[in-house]
Amino acid sequence: MSKNKSILNKKSLDFLEKYLNNAAPTGYEWEGQKIWMEYLKPYVDEFITDTYGTAVGVINPDAPYKVVIEGHADEISWYVNYISDNGLIYVIRNGGSDHQIAPSKVVNIHTKNGIVKGVFGWPAIHTRDKGKETPPKPDNIFIDVGCATKKEVEELGVHVGCVITYPDEFHVLNGDKFVCRALDNRMGGFMIAEVARLLHENKNKLPFGLYITNSVQEEIGLRGAEMITQTIKPNVAIVTDVTHDTTTPMIDKQKQGLLEIGKGPVIAYAPAVQQKLRDLIIEGAEENNIPFQRSALSRATGTDTDAFAYSNGGVASALISLPLRYMHTTVEMVHREDVENVIKMIYQALLKIENGEDFSYFK
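Residues numbered from 1 in each chain as written. Predicted model: local features only at pLDDT ≥ 70, side-chain atom pairs only at ≥ 80, totals over all residues. Heavy atoms only, no water.

**Q** I'd love a proper account of the pairing of strand β1 (residues 46-49), names of residues and values included.
**A** With 4 bridges connecting them, β1 and strand β2 (residues 55-59) associate as antiparallel partners. In the strand pairing of β2, isoleucine 48 is matched with valine 56. As consecutive antiparallel partners, β1 and β2 are separated by 5 residues, and within that stretch glycine 53 has a phi angle of approximately 110°, a positive value. (Pairing = 2+ DSSP bridges. Helix = DSSP H or I, 4+ residues; strand = E, 2+ residues; numbered from the N terminus.)

**Q** Just give me the short version of the packing of aromatic side chains, but keep the residues and values in it.
**A** As enumerated under the stated definition, the model contains 10 aromatic pairs in all. Seen in terms of ring centroids, tyrosine 28 and tryptophan 30 are 5.7 Å apart; in terms of plane orientation they differ by 70°. Their pairing is edge-to-face. Residue tyrosine 28 is classed as partly exposed on the basis of its relative accessible area, which comes to 33%. Judged by its relative accessible area of 47%, tryptophan 30 is partly exposed. Residues tyrosine 90 and phenylalanine 142 carry aromatic rings whose centres are separated by 6.3 Å and whose planes lie at 45° to one another, so their mutual orientation is tilted. One end of the pair, tyrosine 90, is in strand β5 (residues 88-94); the other, phenylalanine 142, is in strand β8 (residues 142-144), with 52 residues separating them in the sequence. Following the ring pairs from residue to residue traces out a cluster consisting of Phe15, Tyr19, Tyr39, Tyr43 and Phe190. In this arrangement the basic side chain of lysine 105 is found over the ring face of tyrosine 166, its NZ or CZ atom lying 6.0 Å from the centre. Above the ring of tyrosine 19, the side-chain terminus of arginine 186 is found at 5.6 Å from the ring centroid. (Phe/Tyr/Trp six-rings, centres within 6.5 Å; stacked < 30°, edge-to-face > 60°. Buried < 20%, exposed > 50% of the residue type's maximum accessible area, 1.4 Å probe, protein only. Lys NZ or Arg CZ within 6 Å of the ring centre and 35° of its normal.)

**Q** Could you give me a rundown of the packing of helix α2 (residues 30-40) against helix α4 (residues 183-201), with the residues and numbers involved?
**A** Two numbers describe how α2 lies on α4: the axes approach to 10 Å, and their chain directions differ by 15°. Relative to α4, α2 is oriented roughly parallel. α4 is crossed by α2, and the crossing has right-handed handedness. Facing α2, whose interface residues are Trp36, Tyr39 and Leu40, α4 presents Gly189, Ile192, Ala193, Glu194, Ala196 and Arg197. (Axes fitted to C-alpha atoms, helices over the stretch in contact; angles between N-to-C directions. Parallel < 35°, antiparallel > 145°, perpendicular 65-115°, else oblique. Left-handed = near helix turned anticlockwise from the far one by under 90°. Contact = heavy atoms within 4.5 Å.)

**Q** Just give me the short version of helix α5 (residues 223-232), but keep the residues and values in it.
**A** Here α5 has its buried residues at Gly224, Ala225, Ile228, Thr229 and Ile232. An end-on view of α5 places all buried positions within 120° of arc, on one side of the element. Check the buried side of α5 and you find it contacts β2, β3 (66-72), β12 (209-215) and α8 (304-309). Looking one or two residues past α5, lysine 233 carries a phi angle of roughly 55°, positive in sign. (Arc of directions from axis to C-beta.)

**Q** An account of the sheet that holds β5 is requested, with residue identities and associated values reported.
**A** Here 6 strands make up a closed barrel; going around it, the order is β4-β5-β8-β7-β6-β9 and the pairing antiparallel. Direction aside, neighbouring strands of the sheet carry axes that sit 45° apart on average.

**Q** Tell me about unusual backbone geometry, residues and numbers included.
**A** Here aspartate 184 and asparagine 185 are connected by a cis peptide whose omega angle stands at 0°. Its location among the elements puts asparagine 185 in helix α4. Phi angles above zero are rare outside glycine, and glutamine 217 is one such case at about 55°. Within the fold, glutamine 217 resides in the loop between β12 and α5. One non-glycine residue with positive phi stands out, namely leucine 222, at about 65°. Note on leucine 222: relative accessible area 15%, which makes it buried.

**Q** Explain the sheet that holds strand β10 (residues 171-173) residue by residue, including any values.
**A** Here 3 strands make up an open sheet; going across it, the order is β10-β11-β17 and the pairing antiparallel. Of all strands in the sheet, those bounded by a partner on one side alone are β10 and β17 (332-335). If you compare each strand with its neighbour and ignore which way they point, the axes differ by 30° on average. Bridge count for strand β11 (residues 177-180) against β17 is 4 bridges, and the pairing is antiparallel.

**Q** Mind laying out the nonpolar core, listing which residues take part and the relevant values?
**A** Core analysis: the biggest nonpolar cluster contains 79 residues, and Trp36, Leu210, Ile212, Val339 and Leu350 have the highest contact counts within it. No other element matches the 10 residues that α4 contributes to this core. Discounting chain neighbours no more than four positions away, the residues touching valine 339 are Leu8, Phe178, Met187, Phe190, Met191, Leu322 and Val334. Membership of the second largest hydrophobic core comes to 19 residues, among which are Val107, Val116, Cys147 and Tyr166. (Core = buried A, V, L, I, M, F, W, Y, C linked by side-chain atoms within 4.5 Å.)

Okay, structure coming up:
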């Protein structure tokens, strides 16, 4: 695989745009999973799905030794929590939605009648007391759908429990920066799908079963990974998620570490990360001139790595992260070269993993 040649083709990028632009909030990932499975279908032997919507493409399903590569499919969102008498909608989080970015954002409210458009309203600057301005908070932000009464809102099909997403779509800045909501972590689902494509196109015959896993409900506690690892019962799991670029303003590098988009994937050091597997990934990167960064994580990684590592009596797990700016906003940003290098890193790691029928290598 050439170091400088792009591994992303037009079909890949068309899939990425379609996949990102589709809404897949936590608990409602189905439509996104359909798009993902349709793209992955030519590159796998079969699919596994579970009750809550996690999707797994399997290569070599009869092999006793099982390796997972994993990302998560869900995005942050809001729920309708209360509708006032004058037709304003108050919300609660579904995942880690950032209340500070909400005012003036357009939203999609998902109802049985289809999408209802609304806006997060906010008092005009002219009307606010500049000496003691009230900041946006979860209990004071509200959505206006252009209705004057609660009855009008309900007639649109909006009710308590409707899920709310942002409509912001994919675009590219300066030729190589991908920007969209939900890069956390549908980029993970995209990258593991691209690994499967490369394995297929390069006619690699793996001596183990490969489970390309797109988990649901990570944003509310790693729940999808927690469920699917009990179904797969893997021997090894390589998880990919996003992590913070810490070079933008108001981030303390002494606390968060120094990480930057464009400088390569981030390899995690954490209790849940199995050392031999991490070393194998690093060796594969070094042998193939793939740039990478390192990050130390105290106690938990906060990713699906934790769910896999501590399941089934212990699963050798590692975390490869994609550096990202502006997490949990509608303008999340990653570098195209980092995306390609995560794909290459996972691909090379798989080629290095031996069959290990006695399961001794990663013990």
